[in-house]
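The chain contents come next:
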Amino acid sequence: MKWPLHGSNPQYLYQSMGIPLPDHYIDFSANINPLGPPLSLKEKWGQAFELINDYPDPKAYKFSLKAAEKEGLPMNWILPGNGGSELIALIARMIAGKRVLIVQPAFSEYEEACKANGCQIGYHVLEEGKWELKSDSLIQKLDHYDALFLCNPNNPTGKSFSRSAISHVLEESSTRNCFVIIDEAFYDFTEEVHSFASYIPIYPNLMILRSMTKMYSIPGIRLGYVIARPPVLEKMASFQPHWSVNAIALMAGEECLKAVEHEQNTRQYIGKQRSRLVKFFQEKGYEVSNSSVNFYLLRDPNHIDQLPLIQFLLENGIVPRHTYHFPGLEGSWIRLAIKRKKENDRLMEVLAKWRTVQ
Ligand SMILES: Cc1ncc(COP(=O)(O)O)c(C=O)c1O
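Residues numbered from 1 in each chain as written. Predicted model: local features only at pLDDT ≥ 70, side-chain atom pairs only at ≥ 80, totals over all residues. Heavy atoms only, no water.

## Structural notes on the packing of helix 3 (residues 61-71) against helix 9 (residues 247-257)
- Closest axis-to-axis distance for the helix 3/helix 9 pair is 9 Å, and the angle between their directions is 25°. With respect to helix 9, the element helix 3 is oriented roughly parallel. For the element pair helix 3 and helix 9, the recorded crossing hand is left-handed. Contacts from Lys 62, Phe 63, Lys 66, Ala 67 and Lys 70 of helix 3 reach helix 9 at Leu 250, Gly 253, Glu 254 and Leu 257.
- Within the contact of helix 3 with helix 9, the residues separate by chemical class into four nonpolar, one polar and four charged. (Axes fitted to C-alpha atoms, helices over the stretch in contact; angles between N-to-C directions. Helix = DSSP H or I, 4+ residues; strand = E, 2+ residues; numbered from the N terminus. Parallel < 35°, antiparallel > 145°, perpendicular 65-115°, else oblique. Left-handed = near helix turned anticlockwise from the far one by under 90°. Contact = heavy atoms within 4.5 Å. Nonpolar A, V, L, I, M, F, W, Y, C, P; charged D, E, K, R; others polar.)

Okay, here's the thing in structure tokens:
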């Protein structure tokens, strides 16, 4: 079976499974804010048209300034990119041919991009079910690597790693000249927001990756940024195509970074939905990951491979994210996004039905 590499665009998952795409479906495979983009962005949208007959600012001055203010760091510590994915590709280009350790399971683009740049890849696979980061066992491997990718909160489990474990890893990697890339694409969905960006002044080997896609629900626009020391960013920028971030994305990004209330409402909404979903799953005998964000892993413990459940969900218009490409999961879980109440209700209805046909 040829599985799609990412969530979203459900037609490809239906195609892989040989199931006709239904007229109505709910896509739980992409982890995007269910409340949508901030309202203020919609109100500004008319101005986007005016931006298309000139080149975008290649220095992305206004957006970078706003991002720097938000991060409490200087502006030249920010490098915007055409989505987090472009920035991952630039990081991989910068460390081409090096030895890269990835804490797994994790977003697949780290490996894809590093492999495309001739890196040697190693895994540190977390224990299934707990997915805890045990710093001692990870640190033992650091001597053999030049860079480490860590996704926190983690995609696909939704778990946030312990602060002390990450601090320990940062301390040890800095003495070994090992780059640490922490992907914080989902850090703003947690109740207790905690970023490691403030550690960059202490650890020059640290890079933080931010995607604007998830919280602000703008995956179609493509915008993200990396926070790191200027020499690191200068190197990365030297591989980036000129005008890589378009003018509409820069305008939208500036607007989104002001939307503090939208972020708070989102965290509250997600927190409430997550609690009621988890309660339901436990009552119905499903296993679920201890997520702190807007998605989670789920499995029916009666099946080692979740393929029958995936098929049933798709036939009932529910689109899950398969996990066949995630080392350490290999199809034994599915990932589901937290969506609006009505959509989550429908998911629970279908999962309750699955119990009756089993
Ligand atoms: C953990 C993580 N990092 C980065 C990205 C890249 O996001 P984007 O390129 O949309 O900014 C994704 C997208 O799914 C992701 O899950």
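## Concerning helix 6 (residues 135-142)
- Within the span of helix 6, buried status applies to Ser 135, Leu 138, Ile 139 and Leu 142. Considered in projection along helix 6, the buried side chains sweep an arc of 100° and stay on one side of the axis. For helix 6, exposure combined with an orientation more than 90 degrees from the buried face picks out Asp 136 and Gln 140.
- The inward-facing, buried residues of helix 6 abut strand 3 (99-104), strand 4 (120-125), strand 5 (147-151) and helix 7 (163-175). (Buried < 20%, exposed > 50% of the residue type's maximum accessible area, 1.4 Å probe, protein only. Arc of directions from axis to C-beta.)

## Focus: the layout of surface pockets
- Size it by volume and the largest pocket reaches roughly 570 Å³.
- In terms of lining residues, the largest pocket is bounded by 30 residues, among which His 6, Ser 85, Phe 107, Thr 213 and Lys 214 are the most central.
- For the lining of the largest pocket, the secondary structure elements donating two or more residues are helix 4 (83-94), helix 5 (109-116) and strand 7 (206-211).
- Looking at the lining of the largest pocket, the element that brings in the most residues is helix 4, giving three residues.
- A class-by-class count of the residues in the lining of the largest pocket yields eleven nonpolar, twelve polar and seven charged.
- The residue makeup of the lining of the largest pocket includes at least three contributed by each of domain 1 (11-30 + 261-357) and domain 2 (42-258).
- The volume enclosed by the second largest pocket comes to roughly 450 Å³.
- Of all the secondary-structure elements, those providing two or more residues to the lining of the second largest pocket are strand 2 (78-81) and helix 8 (230-237).
- Broken down by element, the residue count for the lining of the second largest pocket peaks at four residues, all from helix 8.
- Along the lines of polarity and charge, the residues of the lining of the second largest pocket split into 13 nonpolar, five polar and three charged. (1 Å grid on protein atoms, 1.4 Å probe; cavity = no way out; pocket = protein on both sides within 12 Å on 5 of 7 lines; lining within 4 Å. Points joined across faces, edges and corners; volume = space filled by probe spheres on them. Domains from an automatic or database assignment.)

## Brief notes about the environment of Glu 255
- Note that Glu 255 resides in helix 9.
- A relative accessible area of 8% means that Glu 255 is categorised as buried.
- Note: C-alpha distance between Glu 255 and Leu 142 (113 residues apart in sequence) is 40 Å.
- Beyond its immediate sequence surroundings of up to four residues, Glu 255 is in contact with Ser 40, Leu 41 and Lys 44.

## What to know about the site of the ligand
- Around the ligand, the structure places 14 residues, and the nearest of them are Gly 84, Asp 183, Ser 211, Lys 214 and Arg 222.
- Take Gly 84: an N or O atom from its main chain is 2.6 Å from an oxygen atom of the ligand.
- Here Ser 85 contributes a side-chain N or O atom positioned 2.8 Å from an oxygen atom of the ligand.
- Taking a 2 Å distance to the grid points as the criterion, the majority of the atoms of the ligand fall inside the largest pocket.
- Take the shell around the ligand: its biggest share by element is three residues, from helix 4.
- Looking at the shell around the ligand residue by residue, the class counts come to five nonpolar, six polar and three charged. (Near = heavy atom within 4 Å. Polar contact = N/O pair within 3.5 Å; in protein donor to acceptor, adjacent residues only side chain to side chain. Sits in = over half its atoms within 2 Å of the grid points.)

## Observations regarding the domain arrangement of the protein
- Parsing the protein into structural domains produces domain 1 (11-30 + 261-357) and domain 2 (42-258).
- Contacts between domain 1 and domain 2 engage 24 residues on the former and 25 residues on the latter.
- Summed over both sides, the interface between domain 1 and domain 2 buries roughly 2,100 Å², with carbon and sulfur atoms accounting for 61% of that surface.
- Interface area lost by domain 1 to domain 2 is led by Glu 263, Arg 267 and Pro 327, which between them contribute 29%.
- Lys 70 is paired through a salt bridge with Glu 263; the nearest N and O atoms lie 2.8 Å apart.
- Here domain 1 is connected to domain 2 by eight residue pairs in polar contact (both at pLDDT 80 or more).
- Secondary-structure elements contributing two or more residues to the side of domain 1 that touches domain 2 are helix 10 (260-283) and strand 10 (295-299).
- When residues of the side of domain 1 that touches domain 2 are assigned to their parent elements, the largest contribution, eight residues, is made by helix 10.
- Within the side of domain 1 that touches domain 2, the residues separate by chemical class into nine nonpolar, eleven polar and four charged. (Buried area = accessible area lost by both parts, 1.4 Å probe. Salt bridge = Lys/Arg side-chain N within 4 Å of Asp/Glu carboxyl O.)

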